Amino acid sequence: MWSTLPFDVLAKIFSFLSPDSLACARSACRQWHTCARTYPSTLPQHHQAWFLALPTRNRGQCCYVHNPVVDKWHMLSLDFLPDPIRPVASIGTLILVRPTNCTILQLALCNPFTRQFKYLPMLNITRTNPAVGVVILEPGQPGPNPDFRVYVAGGMSEAPRGGATYEATLEMYDSVDDAWHIMGFMPVEFAVRLTVWTPNESVYSDGVLYWMTSARAYSVMGFHLGSHTWRELSVPMADRLEFAALLWRNGRLTLVGGTCGEDACIWELTEGDGWGLIEKVPIELGIKFLGGKRSWGSTKCVGSEGAICLYREFGSGMVVWREIEEKVRWEWFWVEGCHFIRDKQVQNLQIKGSV
Amino acid sequence: MSMAAVETKKITLRTADNHEFEVEEAIAMEFSTIKTFFDENPDASEDTIPLPNVTSKCLSAIIEYCKSHLAFRARETSSSIDEQVRTYDEEFVKARDNESLKELILAANYLNIKALLDMLNQAVADRIKNKSVEYVRRFFGLENDYTPEEEAAIRAENEWAFEGVDPDDD
């Protein structure tokens, strides 16, 4: 009888299901429900990443997810959240989020499919507006959610004699011991840049956490985790790009950006800190995406293993570059925007959906 | 390529229903459980290995699978080989009913044959994908043991996923 299958065996089967099919399996009977809850399985390599859209004005308290397999949008209620949130990064099936109702940084983990929410402990040094970076240790390992570390750098904290000062310490959260550790100091110039110019998420590649400034002229800062050293990278067409985003793809640091009147480009970081152009957004898709305009301003981009999405507002469509054959072929797709809600500004990221 | 005459070592396995199977060592080593056992007990290779959790029907299917896949792996990789592997795997599961799939999964799990287990799990997952809850219950013989209140709560929680499922075919 399928209802008496040992949980670990059943959980392995569940790990092959996408979030919507798993929701269905969970609903079938008590045994399956308990199994799904006990073993929130994370085998992201079995699924394509789902695109998650969170309205920036979270009055509606819901989010929208796109199922890439059947090209369908779903709405998920977020009424289980104690506070409105903003996404920071995705970690397997969880999203690292920032409650937006306070200026001091606090972080939490959330799974919109299973309606789980948990605050991370408070940082050792409270600060506002720091840069946040996530490193997933051994991605792809079997079992429950992977171990990860969160790095918080910069920000502003209370000065000893009143007022505020740029915070030069770096803290790290380790999921293994569920605690924050102070990891040392950084040059003040980097603390300033990370506080003022980078609300964006970081990208981890090959031992280095990279952050990019949020406007022209774009530049990239890298923090080498092993040696605690910082370095700066230049960005192609740094002063002409209208939008730019840093991603990780195929083991390399990847940059996506567009200039007015031209195709959007994708570059890869090569040996010697140079950038090699690897792909351009196909012209027809670019035109469709921009709705006939020539400017890429207000374009945003997110990516995870296997897919890169360019998006704007919620109602308009997205351009997706997706991995078709493992490490071999990537193809461009158009995703129609979600039409039952239009004109909502969104913050997005991609999550490997499996619960 | 010169073919040296090699004495292929055979391992004897005894199933739950007391059938004995003689398999080449290479095939037995595909079963991680057995490989680990031999790694730890190098002198035991002459003994018959009891497999109290595996029926002869299952074991013969599993042996066939491992034999075929070993043969595929011995050939040069190419997209046509990949295609043949895919076809073989599809045929392997296609005709089997849920009951025998389940037995194979339990056996592959016990013998710890990762590739086979992944393939079987994917096949079962494919039978769940995009189906309605009622279909899944019927297909896998599950009883709906929720109270009406629980059912309603679970339905509400998972409602978002139920739009857009395949129409039931029976």
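Definitions and cut-offs
Residues numbered from 1 in each chain as written. Chains lettered and ligands numbered in written order. Predicted model: local features only at pLDDT ≥ 70, side-chain atom pairs only at ≥ 80, totals over all residues. Heavy atoms only, no water. Helix = DSSP H or I, 4+ residues; strand = E, 2+ residues; numbered from the N terminus. Rg over C-alpha atoms; globule rule 2.2 N^0.38 Å. Buried < 20%, exposed > 50% of the residue type's maximum accessible area, 1.4 Å probe, protein only. Lys, Arg positive; Asp, Glu negative; His and termini not counted. Charge placed at Lys NZ, Arg CZ, Asp CG, Glu CD. Contact = heavy atoms within 4.5 Å. Buried area = accessible area lost by both parts, 1.4 Å probe. Salt bridge = Lys/Arg side-chain N within 4 Å of Asp/Glu carboxyl O. Polar contact = N/O pair within 3.5 Å; in protein donor to acceptor, adjacent residues only side chain to side chain. Nonpolar A, V, L, I, M, F, W, Y, C, P; charged D, E, K, R; others polar. UniProt positions renumbered as here; feature names shortened; annotations may be inferred. Pairing = 2+ DSSP bridges. Axes fitted to C-alpha atoms, helices over the stretch in contact; angles between N-to-C directions. Expected span 1.5 Å × (residues − 1). Bend = angle between axes of the 7 residues up to and from the residue.

Enquirer: Help me get a handle on the overall build of chain B, residues and values and all.
Expert: The secondary structure content of chain B amounts to eight helices and three strands. Its C-alpha atoms give chain B a radius of gyration of 21 Å, more than 25% over the compact-globule value 15 Å for 170 residues. Principal-axis analysis of the C-alpha atoms places the extent of chain B at approximately 65 × 40 × 25 Å. Put simply, chain B has 170 residues, and 39% of those count as buried. For chain B, the distance from the average site of its 19 positive side-chain charges to the average site of its 37 negative ones is 4 Å.

Enquirer: Describe in detail the interface of chain A and chain B, supporting the description with residues and values.
Expert: Each partner contributes residues to the interface: chain A has 32 residues there, and chain B has 36 residues. Approximately 3,100 Å² of surface area, both sides summed, lies buried where chain A meets chain B, with 64% of it carried by carbon and sulfur atoms. Note that B:Glu150 is salt-bridged to A:Arg30, the shortest N-O span being 2.5 Å. Taken together, chain A and chain B are joined by eleven residue pairs in polar contact (both at pLDDT 80 or more). If you list the elements that add at least two residues to the side of chain A that touches chain B, you get α1 (7–14), α2 (19–26), α3 (30–38) and β3 (72–77) of chain A. No other element matches the seven residues that α2(A) contributes to the side of chain A that touches chain B. By residue class, the composition of the side of chain A that touches chain B is 20 nonpolar, five polar and seven charged.

Enquirer: Can you lay out unusual backbone geometry for me, pointing to particular residues and giving the numbers?
Expert: Residues and elements named next belong to chain A. Phi at Asp-178 is positive, roughly 55°, even though this residue is not glycine. Topologically, Asp-178 is positioned in the loop between β12 (169–174) and β13 (179–185). Positive phi outside glycine occurs at His-228, with the angle close to 55°. Here His-228 shows up in the loop between β16 (219–224) and β17 (229–234).

Enquirer: Give me the lowdown on the UniProt feature "domain: SKP1 component POZ" (unreviewed entry) in chain B, citing residues and values where you can.
Expert: UniProt records the feature "domain: SKP1 component POZ" (unreviewed entry) at residues 9–70 of chain B, using the numbering of this structure. Note that residues 9–70 of chain B is 45% helix and 24% strand, and that its end C-alpha atoms are spaced 16 Å apart.

Enquirer: Tell me what's going on with the sheet that holds strand β21 (residues 274–280) of chain A, and back it up with residues and numbers.
Expert: Residues and elements named next belong to chain A. Read across the sheet, four strands follow the order β18-β19-β20-β21 without closing on themselves; strand pairing throughout is antiparallel. Looking at the sheet topology across the chains shown, the edges are occupied by β18 (241–249) and β21. Sheet twist, expressed as the mean angle between neighbouring strand axes with direction ignored, is 30°. Pairing of strand β20 (residues 265–270) with β21, which is carried by six bridges, proceeds in the antiparallel orientation. When the bridges of β21 are listed, Ile-266 appears paired with Glu-279.

Enquirer: Residue-level account of the sheet that holds strand β5 (residues 94–99) of chain A, with values.
Expert: Residue and element names in this part refer to chain A. In spatial order, the strands read β4-β5-β6-β7; together these four strands make up an open sheet with antiparallel pairing. In this open sheet, the two edge strands, each paired with only one partner strand, are β4 (85–91) and β7 (116–119). The average undirected angle you get between the axes of adjacent strands in this sheet is 30°.

Enquirer: Could you give me a rundown of helix α8 (residues 148–162) of chain B, with the residues and numbers involved?
Expert: The periodicity of an α-helix, 3.6 residues per turn, causes residues three or four places apart in sequence to face the same way. All names here are of chain B. The end-to-end C-alpha distance of α8, which contains 15 residues, comes to just 18 Å, noticeably less than the 21 Å that a straight helix rising 1.5 Å per residue would cover. Where α8 bends most, at Ala-156, the angle is about 45°. Within the span of α8, buried status applies to Ile-154, Asn-158, Trp-160, Ala-161 and Phe-162.

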